[in-house]
Amino acid sequence: MGAKTEPSATRNAYGDALVELGREHEDVVALDADLSVSTQSAKFGKEFPDRFFNVGAAEANMMSMACGLAATGKRPYCSTFAIFATGRAYDQIRLGIAHNELPVRIGASHGGVSLGEDGASHQMIEDIALMRAMPRMKVVVPADYNQAYRATLESYESDEPMYMRFGRPATPAVYDEIPESLGDGVDVLREGKDISLVATGHMVWRALEAADSLEREDGVEAEVLNVSVLKPIDSETILESLAKTGVAVTAEEHRVVGGLADAVRQVAAERHPVPIFAVGMGDEFGVSGTGEACMEHFGLTARGIADRAREALVLKPIVSHPPLLGPDWT
């Protein structure tokens, strides 16, 4: 499958890459909870019906079945909406998958509020927090189709439990090609010296647009980082950026509590304290509407990021210390 240059949903990349994995590895199996058309795992089921299991609306059972498959040498990919993957099946993920360190991949689609019309009941905004807090669970949130495709392929090589979050709407391409690797999970997409914009998932392309508007309208050179692996987080790349700019804004389609903002703030607080402002969901649930209308309602837009950056720059420290690399400031 080739790279996408036009907007495409990250869930589409998951479905396409899953088929490629199925062709390359006979131990790959896929499970879905009656949402395979939406999660895109139906593509795998069509080509490999003997290795595809639709368990119906029984997400907890699906996770337990995946444990059995993984324990007998298979590489299971479990697909459902993020709200069901983490909300309904938390116990099975915790005790079955994570505690036993089984190589199960949870492909959670329709994360965040951009799924739109399904409303607050289906707009999962706490899933990253739940999975970040889960011992032994890796958390991956790709920025676009091309990175999501690589993330899915690369997930096969890992022996650890993994939570991968995908989205419903088509989003612009951030990467021109399918990356060779996720690397350490943090990419500097645009270099700058005045402020760090640290984004994940569907907020990455918006952060790039925000950086364009800040340069055009304010003469501000914003550095843009894409965090595709939220756990374990690549502290060094983030610290290098914070040391350069002295202030940051995080952007995520998720609760600020427990998500990217908290992850970046923890890194900064321990080794290089600088002001870090956040764009994300507050102490609130989602709303019904089109995906873009929901994003605009909560300020999860390029304008929202740029405006937050302008507020942050007013409070930027005059003196920026170097990062704490050892027991003493150096």
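See the structure above.
Source: prediction; values computed, not measured. (Residues numbered from 1 in each chain as written. Predicted model: local features only at pLDDT ≥ 70, side-chain atom pairs only at ≥ 80, totals over all residues. Heavy atoms only, no water.)

## Regarding the overall build of the protein
Put simply, the test is: Secondary structure counts use DSSP, requiring at least four H or I residues in a row for a helix and at least two E residues in a row for a strand, with both numbered from the N terminus. In this treatment the radius of gyration is a C-alpha quantity, and the globule benchmark scales as 2.2 Å times the residue count to the 0.38 power. For every residue, the accessible area (1.4 Å probe, protein chains only) is compared with the maximum for its type, and the residue is labelled buried under 20%, exposed over 50%, or partly exposed between those bounds. All accessible areas in this document rest on Shrake-Rupley with a 1.4 Å probe, and a residue is counted as covered only by the protein chains that are shown.
Per the secondary structure count, the protein includes 13 helices and 12 strands. Computed over the C-alpha atoms, the radius of gyration of the protein is 19 Å, within 12% of the 20 Å expected from 2.2 N^0.38 for a compact globule of 330 residues. Put simply, the protein has 330 residues, and 58% of those count as buried. Split by element, the accessible area of the protein, about 13200 Å² in all, is 49% carbon and sulfur.

## Observations regarding the sheet that holds strand β7 (residues 186-190)
Rule in force here: Here a strand pair is declared whenever DSSP counts at least two bridges between the two strands. With axes taken as lines fitted to C-alpha atoms, and helix axes fitted only over the stretch in contact, angles between N-to-C directions fall between 0 and 180 degrees. Contacts are residue-level and defined by heavy atoms, with any inter-residue pair within 4.5 Å sufficient.
A sheet is described by the order of its strands in space; here five strands give the open sequence β7-β9-β8-β11-β12, paired in mixed fashion. Of all strands in the sheet, those with a lone pairing partner are β7 and β12 (276-281), marking the two edges. Across this sheet, the average inter-strand angle for adjacent strands is 25°, counted without regard to direction. Pairing analysis gives four bridges linking β7 to strand β9 (residues 222-227), with the strands arranged antiparallel. Of the residues in β9, the one forming a bridge with valine 188 is leucine 225. Lying over the sheet, helix α10 (residues 235-245) contacts β7, β8 (195-199), β9, β11 (248-255) and β12, oriented at roughly 165° with respect to β9. Where helix α13 (residues 302-314) meets the sheet, it contacts β8, β11 and β12, and its direction lies at approximately 155° from that of β12.

## A closer look at the sheet that holds strand β10 (residues 229-231)
Within the open sheet, the seven strands sit side by side as β2-β1-β3-β4-β6-β5-β10. Their pairing is mixed. The open sheet has two free edges, formed respectively by β2 (52-54) and β10, since each of these has just one partner strand. Along the sheet, successive strands turn relative to each other by an average axial angle of 20°, direction set aside. As paired elements, strand β5 (residues 138-140) and β10 share two bridges and run antiparallel to each other. Opposite valine 140, over in β10, you have valine 229 as the bridge partner. Packing against the sheet, helix α1 (residues 10-24) makes contact with β1 (28-32), β3 (75-81), β4 (105-109) and β6 (162-165), and its axis sits at approximately 160° to β3.

## Structural notes on unusual backbone geometry
In this chain, lysine 231 is followed by proline 232 through a cis amide linkage whose omega measures -5°. Mapped onto the secondary structure, proline 232 falls in the loop between β10 and α10. The phi dihedral of aspartate 34 is positive, around 70°, even though this residue is not glycine. One non-glycine residue, glutamate 101, adopts positive backbone phi at about 50°. Here glutamate 101 falls in the partly exposed class, since its relative accessible area comes to 45%.

## Digging into the nonpolar core
Basically, it comes down to this: Think of a nonpolar core as a cluster: buried Ala, Val, Leu, Ile, Met, Phe, Trp, Tyr and Cys residues, connected wherever their side-chain atoms sit within 4.5 Å.
Of all hydrophobic cores here, the largest spans 48 residues; its most connected members are Met63, Ile93, Ile106, Tyr163 and Ile238. Apart from residues no more than four positions distant in its own chain, methionine 63 is found in contact with Cys78, Ala85, Ala89, Gln92, Ile93, Ile97 and Ile106.

## Side note on the pairing of β12
Condition: For a crossover, the right-handed case is the one in which the path from the first strand over the helix to the second runs clockwise, viewed with the strands pointing away from the viewer.
With respect to burial, β12 is a largely interior element, six of its six residues being buried. Across five bridges, β11 lies against β12 in parallel orientation. From the neighbouring strand, arginine 255 faces β12, where its bridge partner is methionine 281. This β-α-β element, β11 to helix α11 (residues 260-271) to β12, shows right-handed connectivity.

## Quick notes on empty space enclosed by the protein
The condition that has to hold: Of the two site types, the cavity is a set of points on a 1 Å grid over the protein atoms alone where a 1.4 Å probe fits but cannot get out, and the pocket is an open set with protein on both sides within 12 Å along at least five of seven lines, each lined by residues with an atom within 4 Å of a point. Grid points are joined across faces, edges and corners, and a volume is the space filled by probe spheres set on the points. For this classification, Asp, Glu, Lys and Arg are treated as charged, while Ala, Val, Leu, Ile, Met, Phe, Trp, Tyr, Cys and Pro are nonpolar and the rest, including Gly, are polar.
As enumerated under the stated definition, the model contains one cavity of 30 Å³ or more in all. In this model, the largest cavity occupies a volume close to 100 Å³. Contributing to the lining of the largest cavity are 14 residues, with Val141, Arg165, Gly201, His202 and Glu253 lying nearest its centre. Per element, the largest residue contribution to the lining of the largest cavity is three residues, and it comes from β11. Grouping the constituent residues of the lining of the largest cavity by class yields four nonpolar, seven polar and three charged.

## Regarding the pattern of salt bridges
As a reminder of what qualifies: Salt bridges are identified by distance alone: a Lys or Arg side-chain nitrogen within 4 Å of an Asp or Glu carboxyl oxygen.
Summed over all chains, the structure comprises 18 salt bridges. Between arginine 206 and glutamate 292 there is a salt bridge, with its nearest N and O atoms 3.0 Å apart. Here the residue arginine 206 occupies a position in helix α9 (residues 204-218), and glutamate 292 occupies one in helix α12 (residues 291-297), the gap between them amounting to 86 residues. Overlapping salt bridges bring together Arg216, Glu217, Asp218, Asp307 and Arg310 as one network.

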